[in-house]
Amino acid sequence: VGGKTVNPVATADTQLFEVPNAATGGVLTTYQISDAQDVHNAIESAKLGQKNWMSIAAKERARILLNAADIFRQRNDELAEIEALDTGRPIAETNCVDIVCAVEALEYMASICATTATVGQHVLLNGSQPGSSFGYTRREPLGVTAGIGAWNYPLQSAIWKSAPSLACGNSMVFKPAD
């Protein structure tokens, strides 16, 4: 939140979630479930971040998304192993599908960002007659968006939801699957 790792304060009402290892039945990790204040803080931070993010030129946002794609590509094996552990799917699948698809989605949205994310359209509404009515679309950021992840493709799900939002100048608060 706000570019920092947040360690929520544990209270008597704190709930923990254990991430199971699908292969062994053991526990991969345990994390604290966010409460209403955590969600509020994330949304407020996303509002502040979005104001800065939307002011970055679309071409520069595209470069940032492409840089993220390069990092994913470079860390493919490491990320694929984490995805396999988290989802219980074969490493051969996560290695050749999950990370590759995430990279492709980032690259695709970067291309849209660089070319059409801010371009509106002029549309004739009553045919092509001179003096006809027309509509004009203007593409502009909406603000903070929300995404909810899927348990079976967590990384792909996160990228499929966040990349379009970020490409168009929005910010995102993402809730992973339980």
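For the structure, see preceding data.
Report on the accompanying structure.

Cut-offs and rules
Residues numbered from 1 in each chain as written. Predicted model: local features only at pLDDT ≥ 70, side-chain atom pairs only at ≥ 80, totals over all residues. Heavy atoms only, no water. Helix = DSSP H or I, 4+ residues; strand = E, 2+ residues; numbered from the N terminus. Expected span 1.5 Å × (residues − 1). Bend = angle between axes of the 7 residues up to and from the residue. Buried < 20%, exposed > 50% of the residue type's maximum accessible area, 1.4 Å probe, protein only. Contact = heavy atoms within 4.5 Å. Polar contact = N/O pair within 3.5 Å; in protein donor to acceptor, adjacent residues only side chain to side chain. Phe/Tyr/Trp six-rings, centres within 6.5 Å; stacked < 30°, edge-to-face > 60°. Axes fitted to C-alpha atoms, helices over the stretch in contact; angles between N-to-C directions. Parallel < 35°, antiparallel > 145°, perpendicular 65-115°, else oblique. Left-handed = near helix turned anticlockwise from the far one by under 90°. Nonpolar A, V, L, I, M, F, W, Y, C, P; charged D, E, K, R; others polar. Salt bridge = Lys/Arg side-chain N within 4 Å of Asp/Glu carboxyl O. 1 Å grid on protein atoms, 1.4 Å probe; cavity = no way out; pocket = protein on both sides within 12 Å on 5 of 7 lines; lining within 4 Å. Points joined across faces, edges and corners; volume = space filled by probe spheres on them.

So, helix α1 (residues 36-55)
Phase 1: With 20 residues, α1 extends 29 Å between its outermost C-alpha atoms, agreeing within 8% with the 28 Å of an ideal straight helix rising 1.5 Å per residue.
Phase 2: Maximal helix bending in α1 amounts to about 25°, located at glycine 49.
Phase 3: Of the positions making up α1, those classed as buried are Asp38, Ala42, Ser45, Ala46, Gln50 and Trp53.
Phase 4: The elements touched by buried residues of α1 are α2 (58-74), β5 (144-148), α5 (154-167) and β6 (171-175).
Phase 5: Where α1 begins, the side chain of aspartate 35 points an oxygen toward the backbone nitrogen of glutamine 37, at a separation of 3.1 Å.

Digging into the packing of aromatic side chains
Phase 1: Tallying each qualifying case throughout the model produces one aromatic pair.
Phase 2: Arranged with centres 5.3 Å apart and planes meeting at 50°, the rings of phenylalanine 17 and tyrosine 31 form a pair that is tilted. Taken together, the positions of phenylalanine 17 in strand β1 (residues 16-20) and tyrosine 31 in strand β2 (residues 27-32) put the pair 14 residues apart, joining distant regions of the chain.

Remarks on the packing of α2 against α5
To describe two helices that pack against each other, one gives the angle between their axes and the distance between the axes.
Phase 1: Packing of α2 against α5 brings their axes to within 10 Å, and their N-to-C directions diverge by 165°. One element, α2, and the other, α5, form an angle in the roughly antiparallel class. Handedness of the crossing formed by α2 with α5: right-handed. Every residue of α5 that contacts α2 at Arg61, Leu65 and Phe72 is listed here: Leu155, Ile159, Ala163, Leu166 and Ala167.
Phase 2: Grouping the constituent residues of the contact of α2 with α5 by class yields seven nonpolar, no polar and one charged.

A short note on the pattern of salt bridges
Phase 1: Considering all chains together, one arrives at seven salt bridges under this definition.
Phase 2: One salt bridge in this structure joins aspartate 98 and arginine 89, with 2.4 Å as the shortest N-O distance. Across this residue pair, the class does not change: aspartate 98 and arginine 89 are buried.
Phase 3: Members of the salt-bridge network, linked through shared partners, are Asp70, Arg73 and Glu107.

Considerations on the layout of surface pockets
Phase 1: One number sums up the size of the largest pocket: a volume of about 1400 Å³.
Phase 2: Together, 40 residues line the largest pocket, and Tyr31, Phe174, Lys175, Pro176 and Ala177 are the ones closest to its centre.
Phase 3: Mapped by element, the contributors of at least two residues to the lining of the largest pocket are β1, β2, α1, α3 (76-87), β5, α5 and β6.
Phase 4: Residues of the lining of the largest pocket, tallied by class, amount to 26 nonpolar, eight polar and six charged.
Phase 5: Each pocket or cavity is described by its volume, and for the second largest pocket that value is around 370 Å³.
Phase 6: Of the residues belonging to the lining of the second largest pocket, the class tally is 11 nonpolar, one polar and no charged.

Structural notes on the packing of α2 against helix α4 (residues 91-115)
Phase 1: The interhelical angle for the contact between α2 and α4, taken along N-to-C directions, is 170°, at an axis separation of 8 Å. Our classification of the angle between α2 and α4 gives roughly antiparallel. Crossing of α2 against α4: the hand is left-handed. Seen from α2, the contacting residues are Ala58, Arg61, Ala62, Leu65, Leu66, Ala68, Ala69, Phe72 and Arg73; seen from α4, they are Ile99, Ala102, Val103, Leu106, Glu107, Met109, Ala110, Cys113 and Ala114.
Phase 2: Partitioned by chemical class, the residues of the contact of α2 with α4 number 15 nonpolar, no polar and three charged.

Structural notes on the environment of methionine 172
Phase 1: For methionine 172, the location among the structural elements is in strand β6.
Phase 2: As a C-alpha pair, methionine 172 and glutamine 129 span 43 residues in sequence and 43 Å in three-dimensional space.
Phase 3: Filtering out sequence-adjacent residues up to four positions away, methionine 172 remains in contact with Thr145, Ala146, Gly147, Lys161, Ser162 and Ser165.

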